[in-house]
Amino acid sequence: MKLTHIIPLISLATAVYAAPQSFDFKDPKGVNNAVFKLDAPLESINGSASGISGTVSFDLENPAATTGKIVVAAESLTVPNPMQKEHLHGANWLDVAKYPEISFETKSLANVKTDGNVTTADVTGTFSLHGVAKEITVLVKFTYLKDKLASRVPNLKGDLLVIRANFVINREDFNINKGQYEDKVSPTIDLSLSIAGAAITK
Amino acid sequence: MKRVLQILALVAALGVPAVWLATGANRGWTKTSVPVKTLDEVTGIEGISYQKKFLPGVDFLGAGFGGAAVLAGASLFFRKPKNKNQQKQ
């Protein structure tokens, strides 16, 4: 075999090996969650959302090129008090019937640092809530778990990507009762995302 | 009737805070479900699921005291029953 034949083969093999993987965040175990906390002077509201989906394209060799979109089904937002939940989903607050999705879509990554299988980066992207899209920057931690999919889902082989992020948004930025009820419903919302995505290998 | 209302008011005034205290003295609103955390050992993620459980809060306490006050107040509209000796006189 001539060298001219070998070079394209090597290039192809390298390209396949280095290609970013697509991780699906629809978790069959239902563990993925987003936690929200609103701490107002008169009332504290804590809850979580489990309806998470989306895909992220990630390459451990080139994490700065990470792209993706994570979607949270607004209907899945839950608080332990049934009346609070009804108000939260209702037309006066999140209006989940009209705005069924809360999402974050990446635009760019900065300050990318990788140590072993852990990468941290300032991810800038578009956060959409209550029909309003706003660009925000979030510190995100990516943990790449090679060949760990089988440990979670026995019949599947592949890799896992765990994403963790904590950030704060202002509800007034998303037209959610701007300047109202601030003694009971905090204007700032603490969000904490802990999700795992799977990339199946054959 | 007066006596019955007074007893019911007393039961509400004592029973409701007793139930509230016995179930953990939740200082928030009444909850009908509680979050249960489970650790996914592979990813280290703490999953959150909700388990149905009635956890009375301050609104339950307020309703209990309010109910007791209404019952006690209503008892004032009933006259004290006269005993038989008084009825003969």
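Participant: Outline the overall build of chain B, listing residues and values.
Facilitator: Along its length, chain B carries 3 helices and 2 strands. Reading chain B from its N terminus to its C terminus gives the helix and strand order α-β-β-α-α. A burial count over chain B gives 12% of its 89 residues as buried.

Participant: Go over the packing of helix 1 (residues 2–22) of chain B against helix 2 (residues 58–75) of chain B with me, naming the residues and quoting the values.
Facilitator: All names here are of chain B. Direction vectors running N to C along helix 1 and helix 2 enclose 170°, while the axes themselves pass 8 Å from each other. Regarding the angle of helix 1 to helix 2, the classification is roughly antiparallel. Considering only the axes of helix 1 and helix 2, their crossing is left-handed. From helix 1, K2, L5, Q6, L8, A9, A12, A13, V16, P17 and W20 reach across to helix 2, where they touch F60, L61, G64, F65, G67, A68, L71, A72, A74 and S75.

Participant: Describe the environment of K113 of chain A, and please don't skip the residues or the numbers.
Facilitator: Residues and elements named next belong to chain A. Considering the arrangement of structural elements, one finds K113 in strand 7 (residues 101–115). For K113, a count of 9 C-beta atoms within 10 Å puts it in the exposed group. The spatial distance from the C-alpha of K113 to the C-alpha of S44 is 35 Å, given a sequence separation of 69 residues. The contact partners of K113, leaving out residues within four places of it in the chain, are T119 and T120.

Participant: If you had to explain the pairing of strand 3 (residues 44–49) of chain A to someone new, which residues and values would you point to?
Facilitator: Residues and elements named next belong to chain A. Here 6 bridges tie strand 2 (residues 33–39) to strand 3, and the two strands are oriented antiparallel to one another. Within strand 3, the residue paired with D39 across the bridge is S44. Hairpin connection of strand 2 to strand 3: 4 residues between the antiparallel strands. Note: strand 3 against strand 6 (residues 77–78), 2 bridges, orientation antiparallel. Looking at the pairing, S48 lines up with T78 of strand 6.

Participant: How would you sum up the interface of chain B and chain A? Please name residues and give values.
Facilitator: Interfaces are often sized by the amount of accessible area the parts lose when they come together. Counting residues at the interface gives 15 residues for chain B and 17 residues for chain A. When residues of the side of chain B that touches chain A are traced back to their parent elements, those giving at least two are strand 1 (31–39) and strand 2 (46–55) of chain B. It is strand 1 of chain B that provides the largest number of residues to the side of chain B that touches chain A, a total of 5 residues.

Participant: Could you give an account of the nonpolar core, with specific residues and numbers?
Facilitator: The nonpolar side chains of a soluble globular protein tend to be buried with one another. All names here are of chain A. By size, the foremost hydrophobic cluster in this structure holds 41 residues, and its most contacted members are F23, L161, I163, I195 and A196. Of all the secondary structure elements, the ones that give two or more residues to this core are strand 3, strand 4 (52–58), strand 5 (67–73), strand 7, strand 8 (118–129), strand 9 (132–145), strand 10 (158–170) and strand 11 (188–200). Examining the composition of this core, we find that 6 residues originate from one element, strand 11, more than from any other. Those residues in contact with I195 that lie beyond four places of it in its chain are F25, N32, I52, I70 and I163.

Participant: Outline the confidence of the model for chain B, listing residues and values.
Facilitator: Averaged over all residues, the pLDDT of chain B equals 87, while 90% of them reach at least 70. Overall fold confidence (pTM) sits at 0.81, and the ipTM for the predicted complex is 0.78.

Participant: Can you lay out the environment of L76 of chain B for me, pointing to particular residues and giving the numbers?
Facilitator: Residue placement: L76 of chain B occurs in the loop between helix 2 and helix 3 (84–88). Here L76 of chain B falls in the exposed class, since 10 other C-beta atoms lie within 10 Å of it.

Participant: Provide a residue-level description of unusual backbone geometry, including the pertinent values.
Facilitator: Residues and elements named next belong to chain A. Positive phi values are uncommon outside glycine, yet D95 reaches one of about 50°. Within the secondary structure layout, D95 lies in the loop between helix 2 (82–89) and strand 7. The phi dihedral of Y181 falls on the positive side, at around 55°, and the residue is not glycine. Looking at the element boundaries, Y181 is found in the loop between strand 10 and strand 11. Classification of Y181 as partly exposed rests on a count of 15 C-beta atoms within 10 Å.

Participant: Tell me about the pairing of strand 8 of chain A, residues and numbers included.
Facilitator: All names here are of chain A. Of the strand pairs in this sheet, strand 7 and strand 8 are connected by 10 bridges, and their pairing is antiparallel. In the strand pairing of strand 8, A110 is matched with D122. The turn joining strand 7 and strand 8, which pair antiparallel and follow one another in sequence, is formed by 2 residues; a positive phi near 65° is taken by G116. Two elements, strand 8 and strand 9, share 12 bridges in a ladder whose sense is antiparallel. Across the sheet, the residue bridging to A121 is V140, located in strand 9. Two successive antiparallel strands, strand 8 and strand 9, enclose a turn made up of 2 residues, where H130 displays a positive phi of approximately 55°.

Definitions and limits used
- Residues numbered from 1 in each chain as written.
- Chains lettered and ligands numbered in written order.
- Predicted model: local features only at pLDDT ≥ 70, side-chain atom pairs only at ≥ 80, totals over all residues.
- Helix = DSSP H or I, 4+ residues; strand = E, 2+ residues; numbered from the N terminus.
- Buried ≥ 20, exposed ≤ 12 C-beta atoms within 10 Å, placed from the backbone.
- Axes fitted to C-alpha atoms, helices over the stretch in contact; angles between N-to-C directions.
- Parallel < 35°, antiparallel > 145°, perpendicular 65-115°, else oblique.
- Left-handed = near helix turned anticlockwise from the far one by under 90°.
- Contact = placed C-beta atoms within 7 Å.
- Pairing = 2+ DSSP bridges.
- Core = buried A, V, L, I, M, F, W, Y, C linked by C-beta atoms within 7 Å.
- pLDDT = per-residue confidence, 0-100.

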